[in-house]
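# Structural features, examined
Each chain is listed here by its residues.
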Amino acid sequence: MAFLRNTWYVGAWACEITRELTPRTLLGEPVLFYRKENGEATAIGNRCPHRFAPLHLGKLVGDVVECGYHGLKFDCTGSCVENPHGDHKIPSAARVKAYPLVEQHGLVWIWMGKPELANPADIPDYSHLVDPRLKTIGDLMLQQAHYELVVDNLMDLTHVNYLHAPYQKNDDFLAAKHEVVQQGRMLDSLRSIPSTTAPPSFVPFLDDPAAPVDYWLNIRWHAPGACQLEVGVVPVGRPRAEGIRRQGTHIVTPETDTTTHYFYASSRNYLLDDPKADLETRNWQQVGFHEQDKPMLEAVQKMMGTTDLDSLKPVLLASDVAAVRVRRMMKELIKAETEPQAQPIFVLNK
Ligand code: FES
Ligand SMILES: [Fe+2]
């Protein structure tokens, strides 16, 4: 299945990239991350063009990677800069890819398409990850499922009432006012539930857990897989700015056709220095993402036996509206990229 290529993906959390050679497969391509001596993150292809040794099995010498098999050296532009054999001439095919990279707000964004089209201004804003008014806890995981299944899971939040019931169940949730708004390559799915009971995950942090609250869940998807989920509660009738809320980072990058990197974090605006609240966040991330979403998505992928959802003619429910719109937008974007004469029917915001 084709992936959208001329777009920014998250390749890693910034803290993962060090002076160690760090391999990661993205969109089926072997990529090698490392940091240069000046601290800049960099990414080149991880497959030596000589006998295809993974370059991460070699070593970093200054800013140059030495292949661990026969010693060709590659710099951060992907060029071979040293051939220790024979007349030391460097064959013109001795090069690996170099990927445009931007480190921003604790994330390393990588461009998997034509380098000349990479524009850092197109990277979605994740500044909440480094906002000192919020406390962020996050991690990453690998899901054995096609990335669109992971995005579906985020864009149809009705699953929280079932799969995550102990943490998130809210009796008024399924009847919530739901709006889906598209802006260029973004889609917002907005839910508000006035005067309801607080979902269990907020209860320990409320002065009066029995008092009704206004509850909202807004998720913004930015093609191809960057989502932000804001969830909050506030005493009934009060402005949302007075509420307690969590800004969720949920970023999905295909590893292969059937496996997906999932970068997640939660940034809360309450109890910033409270280790108990940190632990509570880690616990629900472990339970919610690792023990509930992951096994379900992996079981779905296995049960489907294909990555082509449409071929199975799934039953459509009203709650699928945002997920279906996202899939349609992705189809159009991929088509516009692979068949340049085709243009997405929606208006791009650039
Ligand atoms: S495989 Fe890399 S130098 Fe031979
Ligand atoms: Fe979930």
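What counts, and at which threshold
- Residues numbered from 1 in each chain as written.
- Chains lettered and ligands numbered in written order.
- Predicted model: local features only at pLDDT ≥ 70, side-chain atom pairs only at ≥ 80, totals over all residues.
- Helix = DSSP H or I, 4+ residues; strand = E, 2+ residues; numbered from the N terminus.
- Rg over C-alpha atoms; globule rule 2.2 N^0.38 Å.
- Buried ≥ 20, exposed ≤ 12 C-beta atoms within 10 Å, placed from the backbone.
- Contact = placed C-beta atoms within 7 Å.
- Expected span 1.5 Å × (residues − 1).
- Bend = angle between axes of the 7 residues up to and from the residue.
- Pairing = 2+ DSSP bridges.
- Axes fitted to C-alpha atoms, helices over the stretch in contact; angles between N-to-C directions.
- Core = buried A, V, L, I, M, F, W, Y, C linked by C-beta atoms within 7 Å.
- Domains from an automatic or database assignment.
- Nonpolar A, V, L, I, M, F, W, Y, C, P; charged D, E, K, R; others polar.

### Focus on the overall build of the protein chain
Secondary structure assignment for the protein chain yields four helices and 17 strands. Against the globule reference of 20 Å for 350 residues, the protein chain gives a C-alpha radius of gyration of 22 Å, in line with a compact fold. Projected onto the principal axes, the alpha-carbon positions of the protein chain cover approximately 80 × 50 × 40 Å. Counting only residues that meet the buried cut, the protein chain has 33% of its 350 residues in that class. A separation threshold of at least 6 residues defines the contact pool for the protein chain, and within that pool the share at least 24 residues apart is 56%.

### Considerations on helix 3 (residues 275–304)
End to end, helix 3 covers 41 Å across 30 residues, agreeing with the expected 44 Å (1.5 Å per residue, within 8%). Along helix 3, the helix axis deviates most sharply at Asp 293, where the bend reaches about 35°; the proline Pro 295 sits within four residues downstream. Looking only at helix 3, the buried set comprises Thr 281, Gly 288, Gln 292, Asp 293, Leu 297 and Gln 301. In this structure, the buried side of helix 3 is in contact with strand 11 (135–143), helix 1 (147–155), helix 2 (165–168) and strand 17 (260–268).

### Description of the environment of Ile 193
Positionally, Ile 193 belongs in strand 13 (residues 186–196). Distance from Ile 193 to Asn 283, taken between C-alpha atoms, is 26 Å for residues 90 residues apart in sequence. The contacts of Ile 193, once residues within four sequence positions are left out, are Asn 170, Asp 172, Phe 173, Ala 176 and Tyr 215.

### Description of the sheet that holds strand 2 (residues 22–26)
Read across the sheet, three strands follow the order 2-3-4 without closing on themselves; strand pairing throughout is antiparallel. Sheet topology places strand 2 and strand 4 (41–45) at the edges, where each strand pairs with a single neighbour. Put simply, the sheet's adjacent strands are angled 35° from each other on average, direction ignored. With five bridges connecting them, strand 2 and strand 3 (residues 29–35) associate as antiparallel partners. By the bridge assignment for strand 3, Arg 24 is matched with Val 31.

### Here's the deal with the nonpolar core
The biggest cluster of nonpolar side chains holds 71 residues, and the ones touching the most others in it are Val 108, Ile 110, Val 150 and Val 326. A domain split of this core shows at least three residues from each of domain 1 (8–121) and domain 2 (126–338). Each residue touching Val 326, except ones within four places of it in the same chain, is listed here: Val 151, Met 155, Leu 187 and Trp 221.

### Quick look at the sheet that holds strand 10 (residues 107–111)
The strand order across the open sheet formed by three strands is 1-10-9, and the pairing between neighbours is antiparallel. Each edge of the sheet is formed by a strand with only one pairing partner; in this case those strands are strand 1 (8–13) and strand 9 (101–104). Here the average twist between neighbouring strands, direction ignored, is 30°.

### Quick look at the domain arrangement of the protein chain
By domain assignment, the protein chain separates into domain 1 (8–121) and domain 2 (126–338). On a C-alpha basis, the centres of domain 1 and domain 2 stand 33 Å from each other. Contacts between the two partners involve 11 residues from domain 1 and, on the opposite side, 11 residues from domain 2. Looking at the side of domain 1 that touches domain 2, the elements with two or more residues in it are strand 1 and strand 2. Element by element, the count of residues in the side of domain 1 that touches domain 2 is highest for strand 1, at four residues. In the side of domain 1 that touches domain 2, the residues fall into six nonpolar, five polar and no charged.

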